[in-house]
Every structure is written in C-alpha cells, then in structure tokens.
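Residue-level listing of the chains:
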Protein chains: 2
Amino acid sequence: MEFHVYDTTLRDGAQQEGLNLSVADKLAIARHLDGLGVGFIEGGWPGANPKDTEFFKRAVSELDLEHARLAAFGSTRRAGVRAADDPQVAALRDSGASVVTLVAKSHDRHVELALRTTLEENLAMIRDTVSHLREEGQQVFLDAEHFFDGYRANRDYAVEVLRTAYEAGAEVVALCDTNGGMLPGWVSDVVHDVRETTQGAVGIHCHNDTGCAVANSLAAVEAGAMHVQGCINGYGERTGNADLVSVVANLQLKLGREVLPTGLLGEATRVAHAVAEVTNVPPAGRQPYVGASAFTHKAGLHASAIKVDPDLYQHMDPAGVGNDMRLLVSDMAGRASIELKGRELGYDLSDDRDLVTRVTERVKEAEQRGYTFEAADASFELLLIEEVEGARPSFFEVESWRVISEARGGGPEAASTTEAIVKIHADGVRHVETGEGNGPVNALDQALRAAITRAFPVVADFDLIDFKVRLFDQGHGTDARTRVLIETSDGATSWTTVGVGSNVIEASWEALVDGLTFGLRRHVSKTTPA
Amino acid sequence: MEFHVYDTTLRDGAQQEGLNLSVADKLAIARHLDGLGVGFIEGGWPGANPKDTEFFKRAVSELDLEHARLAAFGSTRRAGVRAADDPQVAALRDSGASVVTLVAKSHDRHVELALRTTLEENLAMIRDTVSHLREEGQQVFLDAEHFFDGYRANRDYAVEVLRTAYEAGAEVVALCDTNGGMLPGWVSDVVHDVRETTQGAVGIHCHNDTGCAVANSLAAVEAGAMHVQGCINGYGERTGNADLVSVVANLQLKLGREVLPTGLLGEATRVAHAVAEVTNVPPAGRQPYVGASAFTHKAGLHASAIKVDPDLYQHMDPAGVGNDMRLLVSDMAGRASIELKGRELGYDLSDDRDLVTRVTERVKEAEQRGYTFEAADASFELLLIEEVEGARPSFFEVESWRVISEARGGGPEAASTTEAIVKIHADGVRHVETGEGNGPVNALDQALRAAITRAFPVVADFDLIDFKVRLFDQGHGTDARTRVLIETSDGATSWTTVGVGSNVIEASWEALVDGLTFGLRRHVSKTTPA
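Treat the numbers as computed from the prediction; the structure is a model and nothing was measured. Residue indices begin from 1 for each chain and proceed along its sequence in written order. Chain labels run from A onward and ligand labels from 1 onward, assigned in the order the entries are written. Where local features are concerned, this predicted model is filtered to residues with pLDDT of at least 70; where side-chain atom pairs are given and counted, the filter is 80 or more; whole-chain, interface and lining totals use all residues.

Caption draft 1: Region of interest: the overall build of chain A. By definition, any uninterrupted DSSP run of H or I lasting at least four residues is a helix, any uninterrupted run of E lasting at least two residues is a strand, and each is numbered from the N terminus. When helices and strands are tallied, chain A shows 17 helices and 16 strands. In terms of its C-alpha atoms, chain A occupies a principal-axis envelope of roughly 85 × 65 × 45 Å. Partly exposed residues are those whose C-beta has more than 12 but fewer than 20 other C-beta atoms within 10 Å; with 20 or more the residue is buried, with 12 or fewer it is exposed, and the C-beta atoms are placed from the backbone. Put simply, chain A has 530 residues, and 54% of those count as buried. The long-range share in chain A, meaning contacts at least 24 apart out of those at least 6 apart in sequence, stands at 68%. Two residues qualify as being in contact provided that their C-beta atoms, derived from the backbone, are within 7 Å of each other.

And the structure:
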C-alpha cells in the first residue's frame, strides 16, 4: 500500500485546551490541509455532537479536496447490540466519508473498567463493526487506543485486538500511544514485534508527553509503519499530538521518504500559519521547520560567519518548507548584524563606522526600555533613516489626543461607548477629528486616520491589519508596562511598528503614528516638514 | 565519573529570540536551577560582554549554590598567540568558575571558512588552551561545535579534535548538534563510534530543529554519553535547545537513571514556571511534564472514565514532577466534567440533573461569546453559585464608570495622563471615587477599589497580581474582541476572573468587578442585596 499521511487536527487536535473550532473553521482548516497534500483528513465524530454532524454534511457538498480523503472517526458498536442497529455506527456509515476510523480498546483494564464489558465482547464489537462498515462499502482503519500500555499489561490480548480487526477487514490498525508515555526505542521494539506477529498495515498515533512524539513517530515508520497520524502545529490535548509537519519534513528531507505530493512540503510554513490564524492559537516561534524563529540568527558570532556561508549555519535550506532565514536586530547582536540588517533594507552602512555605532547604541537603549525591533522592521527602519538623514521622517505634528470611555450601570449588558479626539497639524493646516470605536485604540485609530486623510488622501488605502498587546513586568498587575505591535497594510505590502508605555493607549498611539508615517514615507514623494 | 546534568540556559538559552536577561535575572535563574539540583550551570562568556563579566563577578560572591557548580563558557585561544597571552582565555581563567567549557570547531570547513585558520592550528589552539587552563587548576570541558555535521564531512578530523582535547586534559567532550539537524538513530551511531574510537567521557548538546532534541539527547545517553546539556523550558535560538526537564524526567522516570539529587525532580514544575516569570516568556501550556496542560483533561469521554481510575489516563503520576491533574470546563466537556468540576469546588451536583444542564448550557453559551472558564475558576464558581442559589452574589451596584486618557504633543516624550471616575452604591450609600493610573485599567482598578473599600475595608487587603489581555479575531485589527483575565489575591490565596468585550476597558471592568465580588464572598459573612 501507499504511505498514509493522516491528519487528525479536526478531531484529536481540537481536544487542545483553549481550542474551539466552529464548523466554518473546520472547513477552512480542511482546505489548508489539502493544500499541504495530506492523504487523509479526520473530520470529527459525526453523531457525537451537532457541530461534527454539520461538518460532515457540509464537507460532502462544499469541500472539493484535491489530495485528501475525508475520514469519519467513531467508536465500535456498543456492547450487546448489532452493529447495524447502533445509531452511532449508523452515523459513521451515513457520514458521506469513504473512510471510517474506528477507535477500539486494546488495553484489557480499559475494556473492563472504562468500557465495562468483557474482553470477548470487545473483540466481537470490533469484528462486527468493521465487517458491517466494510459490507456497506467503506474503507476502515482502526485506532487501537492505549495500545502501548495495553501491550505491556497484556501483550496477547493487545495483539488479539489487532488480529481481529485485520481479519474483519480493517486496512490499517494504528497503534496509539494515547497517554503519550513512550520513548522511541520502545515504540520501535513494539512495532517490530507487531509486524512479525500479525499481517496487515501498521499505523502510528503519538502524543508528546515525553517530548518525543516526533521521534516516536519516526521510530515506528523506520520499524515498518506505513501510516502516520498527527496534527498540524502539534495541536492536541495535554502536550499535543505529534506535529505532522515535523514528522513529514523529517521523513522527506532527512530520511528520503517522499510521503507528500511533489512540491507541497514547500507549502508547510504557509499552511501552518494559516491554520494558526483560523484556530487563533498564536504560532509558536520555536516550532521546528515552520516557526518564525526556526531559521533566525541573533548571536553576533553567528551573524558575522553567516556572511561567509549561510549553509554552515542551517541544517537545511529553509525554502524546502517555505520558510526563510532571518537576521535579528538585538542587543546581543553586534555591529555586524546592524550592517547586515541595513543591507537587507537597502542601506549600505559599511563605510560609516560612527553611524553603525550610533544605531547600535540606540537599539540597545530602546530594547532596555521594552522596545523590540525583531518584529518591528518598520520602526527600526524609521530609526535608521533618522540616523542616516539626520531627522526622523515627519508628515504631521501632533497637538493633542484624548480618549473617553464610559458606561452606565453594571453587569455585562451595560455597553460602553468610546470616543477619541485628535488634533494635528499637516501642511500648515490644523485638523481636529473625532472618532468613535468599540475600544480606545480603535477610536483613536479612526480619529487619527480621519485627520491625516484630509492632508494625505493615500492614507484612506491603509488598513490596520493586526494589533498585538504584550504586557511585561506582569507581576505588577495593571501597572505593568505594555508593548504594542501594529501591522499596517497598503493592500500590497504590510509593515509592523512598535510602541511602549505603561498606558496601553499611549503605546498604541506611538505605534499608530509610526505606522502611518512609515506608509506615508513610502507613498508620498516629498517630506513635509511639520 | 558521575553523570552530569549541565544547564546552559544562561548562555545558549539566552540566545533565544525575544529573550533578554539582566544580571539580576541571571542570578535569580541560577538559584532556581540550583533548586532543581542540576550539576552545572553555564553562566555565560566572561569577557565577551560587560553583562556576563559582571555576572561572574557577582555570582562568585552572591550565589551560594548547594548542588550546582558554575561553569564559564569561552573559546579556545586565537590563532597565532599563546594561550596565556590571550585576554579572552585570561577572562575564563580569572572568572572564578572552577569549570571552563571551551567551544572549539570540529568541522573542517568551519575551521577554514569561519575561523580562517588551518586544521593543524585549530588542533594546537585546543591543545594549548585546555592544557593552560588545566595547569591553572580548572576543570575543562570541551564543546565540539558542529560535531555531527563535521563527522559527516570529515570523520577523521572530527575525531582528531576529540582526541586532542582528551589528551590535553579535557574531562568531557560534548558533541554538539549545533545546527540541530540530527535524528536519534544517527546520534546513537555516532556516539557509539566515538566511544569505540576514543577514550574519555562523551557529552551531548542538542538543538530542536527536527523536533527531536529530547530524543536525540536520550539516544546519546543510551549510547554511553555521561553528560547531557540542555536549557530549562527548552529555551535557545531558532527552535531551542533540548528541554532539560524533559530529558531529566525521561531519564529518571522512564529509564531509571537517577541523575538529580533525590526528591528534586518534584521541584521541576515550580522551577520551570519560576524561571518563566524571570525571563517573561509565557510558559508553554503544552510543555511536556511541567506545562499547565500536561495533565489536563477536557474531553467528556475521558472525564467520565477518569472517575473510574485516573491512572488509566496519565502516563505517570504528575506529582513526580510537581504538576497536577486538572479537569477543564469546556464546551467539549459533557455533564460529567461539570459535575466533577463542581465537586472540586465543593458543590455536589449529582442529584440535580436540571441544574447541571443549566450550568452546562450557560458555559457553552458564554464560551461561544469568547469567555473561557478553563483558567477563570472564580468566574465559573460565580456562575455556579448563581445557578445553585438563584442569584449572583452581589455586594455593590454600579451606577457608572468613565475613563479619560489624554496627551498633549507628539513623540514618545509626550506623557499621557489617565483618570477614572467610578460611581457605586453599597449598603444604601453612594460612593463616588476618582482614580489616577498609568493606564486606563489601572486607573479604573484604583477608583473601583477606593469606592468599595469604603463599604468593605477588607478589600484593602486584595491585590491585583496578574492581568492578561488576549485579542481574538485578530485579523480585524483594533476592532478585535478582547478577553481579559485578572488574578486577584488576598495574600493567602488567589483567584482568576474573566471579562470579554470589544473594548479592553469594558472587558477589564467586568473581570475587576467579578474579582472583587468573589473575594468579598469569601471574606464578608452576609451578602448585601444591592
């Protein structure tokens, strides 16, 4: 059989603490996963809850998958009923998915204590349910839950579960390390034993409780598993499921196994981040292969050597997973990094040692006060321009701003109102504008842009597309200092600016002003001295 | 020799993007690491920058380490000078650390292209520097940089580097997977070969670029390495270094190697979170062993089975690493979870099916609007009390609140001022109070507490100790919805409340009011109907 890359983000991944997917979210994620070229997308448990039932209904009509097939997840029949009479099995049969993945107990104590039936009846439940769905024309995979723990407790029974499933027609049995306590050597030994003892394709399903989910998955594949399950971004309950991208990238780039359609691994970074947008779980910068920091260098030591040969300092070409090498401006970086960063932005600083020193000092000083330029390229570029040209670009002068937010009455139904008044001078004209918004920064953004648009109509095309707030010194409660990152777009490109202050509104104001200034510098030919 | 647990958080971990440690931070982290019982703490590179130089100066006099020894990191001598004449080597010698870890090139191309010297001179640099420091009475470890890549490119030279270091007196040579591209099988093979080819103790230093840093470290130890390097919380540049806690927990709990002093692994969760407080990098909930989610269950399926036997659903007793099992209230959880959670809080709900249904419905409905009760136990308890007792606890009635934030002039020097006016009724008396603060929530907190303290003096003992803001629907910019989590303390215990709204101030207000209400319910004997 062909190797299976089997994604369970929509089912097992959705068990993650804080993750909450709507039907629309699940459809969007399925499209992204298809774009990565996975072979199977486990969509959920039809019949178990209204959301998953609706997902399968809509998936069948709305999803036009190019690479992936949809799998419905569910349980073997209940004890003591015929598979054909079990409404849960019927929901799987009628889900519209051509593949059903049945979860079954393979640990004797789980059968007795959690399922509360006999070991024999559990085997019959597997046999009947697999046979029934096969007769109805579906392809059937079996998830052998708690397999590794069950194998330790009662190897004979655990293996008997697999045999029963294969004999009834299951195409793959995935060995699940449900509690996640395994290490690679153990996984390898068990998979070897299972392959010698039974006939049929073996799959692997790992959780990351020992920090070894990726290595455990690889160990299983190296021992002969032909089906690997995981979740995008390593989502999943507790410590998460095996990160599917890391597993697949290691298989392809390290072990030479082509498990995705040609070229699609290069979509990994885009897909991982797009899914993070949908789930609204901030992407982990340190995530292997696709993290924003995965190919990022900040140490001055490295930065100077990278000039010689970048390949000495990266384990693979980041383009292989659609990622990029990045250099950071940071107080740990020396002059070499500032020079390189300047070159990246189009400024050759190599001839002016004093300038590099001044920029380096200002970056260090600002970072001590809480600024960060690692993400805020546009703020760094404004600082650089100020030192190169002798003055900070300026298109308007701020006279004052004020924000008022208020509510009458208590309770969550007492809606608040917020308004902002901004007074600026541009091209010798005073502009006073009021903005209303659903929060202070939104109101301020409205008022400021209304005022500036009167002087510079191009600002009407700018859009604030991301707004991030970070508190530091959090131990101090609401008097913590605040760092705000604002991403502004002109439709074609986007840039990020930073503001810092103990007042979130003040920090936001700084980032808003810099964001508009940077955009105006790009789009307005002459600088208007204020 | 005894097994070495070698922490490099303060040196290699500090290379992480966004991490910025002051000398005081480094001293605090060193004390926490000592509390975990690690054998060695690599403090930094004395002489390379003023911060690290100061750290060693203060560490020698201020740190009173019980378990760990301090190691100074640095480089072999420069090409063409005597070790005794190299100021960088002198800084290591004079650092006050009894252990020096020297980094040396073991990859031939790095010697030629990055170091720009000959292969022979590189060996001489290693020989001379190790000998010199040994003669001066220090213990010397060698970090063989880029060892695994070097071994592939030129095995003979890479091994010659190790032999040279051992012969000159290095006690351990740590094989570094500097670019992080290795997999466990490869690490195992190389360590076996090195052990057969050379005499001397082997160490291992892994990065997580393939998602296998923990497994790679274990593979090396199983192949005979007696020294393992890593960072707390897996800090480090790019994808991070091997997470030292995962490595050590796996060695002790899974492989039966007692590598920490007896009992200290139980400090792991506390230490990992304490260090995260210092670094101000939010702890990763999904982190193996010590993550807040590592032993957390939300699926209704599991929650009901956990009643039968918790050990069926966890790979180890969380107490072994100082962590706890947690049950979450979530819209994926069924009635069983709500019942269990109620019991945890001291309410027996098992007799009242209608009540459980009402609470479950309200939780689901609130979570759809963006609330989360997973972290906000106090808000969940208020909701529960409201359903159990028929009314929400209330100690005061809100008439209105208003916040004004303003600034004159532009630029970062234009400081803003913020004031809040709060009007409430308590015990039939109207209280109007104004609060000033360095931000809107701070001002509101001041005003609200001033007003309530007049009616309930116990509020003076309450302290707002944490304030977290989360934006969702971030794609929409500043009109994103906001979730605020506020942690309030009465000195003895603390509790967390949640507020949601499109206005951060409104959401904060809700969480502030609930936080005070929950505290008053604990401390005030009779409920005053407002």
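Now, onward.
Caption draft 2: Molecular detail of the interface of chain B and chain A. In this complex, chain B contributes 101 residues to the contact, which on the side of chain A involves 100 residues. Going through the elements one at a time, α4 (108–114), α9 (213–222), α10 (244–254), β9 (296–297), β11 (397–408), α16 (440–455), β14 (463–472) and α17 (504–523) of chain B are the ones with two or more residues in the side of chain B that touches chain A. The residue inventory of the side of chain B that touches chain A, partitioned by class, reads 37 nonpolar, 41 polar and 23 charged. Following DSSP output, two strands are said to pair if at least two bridges run between them. Two elements, strand β11 (residues 397–408) of chain A and β11(B), share nine bridges in a ladder whose sense is antiparallel. Note on β11(B): the bridge partner recorded for A:Ala407 is B:Trp401. The residue classification treats Ala, Val, Leu, Ile, Met, Phe, Trp, Tyr, Cys and Pro as nonpolar and Asp, Glu, Lys and Arg as charged. All others, Gly included, are polar.

Caption draft 3: Broad picture of the relation of the copies chain B and chain A. In this comparison the copies share one frame, found by least squares on the C-alpha atoms of residues holding pLDDT of at least 70 in both. Each copy superposes on the other: chain B lies on chain A with an RMSD of 0.1 Å after a rotation of 180° and an axial shift of 0.1 Å. What the rotation and shift describe, once combined, is the action of a two-fold rotation axis. Residue B:Ile404, judged by its C-alpha, is the member of chain B lying nearest the rotation axis, at 2.2 Å. When the interface residues of chain B are mapped onto chain A, 99% of them are again interface residues, pointing to one common binding face.

Caption draft 4: Region of the structure containing the domain arrangement of chain A. Residues and elements named next belong to chain A. Annotation of chain A at the domain level lists domain 1 (4–279), domain 2 (296–361) and domain 3 (397–523). Taking only C-alpha atoms, the centre of domain 1 and the centre of domain 2 are 43 Å apart. Domain 1 puts eight residues into the contact, and the matching count from domain 2 is six residues. Those elements giving two or more residues to the side of domain 1 that touches domain 2 turn out to be α10 (244–254) and α11 (268–279). Split into classes, the residues belonging to the side of domain 1 that touches domain 2 amount to four nonpolar, two polar and two charged. Delimitation of the domains relies on an automatic or database domain assignment.

Caption draft 5: Seen up close, the sheet that holds β11(A). If you walk across this open sheet you meet the six strands as β13(A)-β12(A)-β11(A)-β11(B)-β12(B)-β13(B), and the pairing is antiparallel. Here the strands that pair on one side only, and so sit at the sheet edges, are β13 (429–437) of chain A together with β13 (429–437) of chain B. Between one strand and the next, the sheet's axes are offset by a mean angle of 10°, whatever the strand orientation. Taken together, the nine bridges between β11(A) and strand β12 (residues 417–426) of chain A define a ladder with antiparallel strand orientation. The partner of A:Glu397 across the bridge, within β12(A), is A:His425. Structural elements are reduced to axes, namely lines fitted to C-alpha atoms, with helices fitted over the stretch in contact, and the angle between N-to-C directions of any two is expressed from 0 to 180 degrees.

Caption draft 6: Structural context of unusual backbone geometry. With a phi angle near 50°, A:Asp427 is a residue other than glycine that sits in the positive phi range. Considering the arrangement of structural elements, one finds A:Asp427 in the loop between β12 and β13. In this structure, B:His146 is a non-glycine residue whose phi angle is positive, near 55°. Tracing the chain through its elements places B:His146 in the loop between β5 (139–145) and α6 (147–153).

Caption draft 7: Expanded view of the pairing of strand β2 (residues 40–44) of chain A. Residue and element names in this part refer to chain A. Counting buried residues in β2 gives five out of five residues, a clear majority hidden from the surface. Bridging between strand β1 (residues 4–7) and β2 involves two bridges; their strand directions are parallel. Opposite Tyr6, over in β2, you have Phe40 as the bridge partner. Both β2 and strand β3 (residues 69–75) contribute to a ladder of four bridges, which runs parallel. Directly across from Ile41, in β3, lies its bridge partner Leu70. Crossovers are marked right-handed if the path from the first strand over the helix to the second runs clockwise, as seen with the strands pointing away from the viewer. On the question of chirality, the crossover connecting β2 to the parallel β3 by way of helix α2 (residues 50–62) is right-handed.

Caption draft 8: Structural detail: α10(B). Judged by how many residues are buried, α10(B) sits mostly within the fold: eight of 11 residues are covered. One or two steps after α10(B), the chain reaches B:Gly256, where phi turns positive at roughly 70°.

Caption draft 9: The UniProt feature "domain: Pyruvate carboxyltransferase" (unreviewed entry) in chain A, seen in detail. UniProt positions are given in the numbering used here, feature names are shortened, and annotations may be inferred rather than shown by experiment. When the UniProt feature table is mapped onto this chain, "domain: Pyruvate carboxyltransferase" (unreviewed entry) is found at residues 3–270 of chain A. Structurally, residues 3–270 of chain A is divided into 44% helix and 17% strand, and its ends, taken at the C-alpha atoms, are 24 Å apart.

Caption draft 10: Spatial organisation of the environment of B:Ala30. All names here are of chain B. Residue position: Ala30 is located in helix α1 (residues 23–36). For Ala30 and Ala68, which are 38 residues apart along the polypeptide, the C-alpha to C-alpha distance reads 8.9 Å. Sequence-distant contacts of Ala30, that is, excluding residues within four places in its chain, are made with Leu10, Ile41, Gly43, Ala59 and Leu63.

Caption draft 11: Structural view of the environment of A:Ala507. Residue and element names in this part refer to chain A. Along the chain, the position of Ala507 falls in helix α17 (residues 504–523). Judged by the 27 C-beta atoms lying within 10 Å of it, Ala507 falls in the buried class. The spacing of Ala507 and Arg481 is 26 residues in sequence and 9.2 Å in space, taken between C-alpha atoms. Those residues in contact with Ala507 that lie beyond four places of it in its chain are Thr482, Arg483, Val484, Gly499, Val500 and Gly501.

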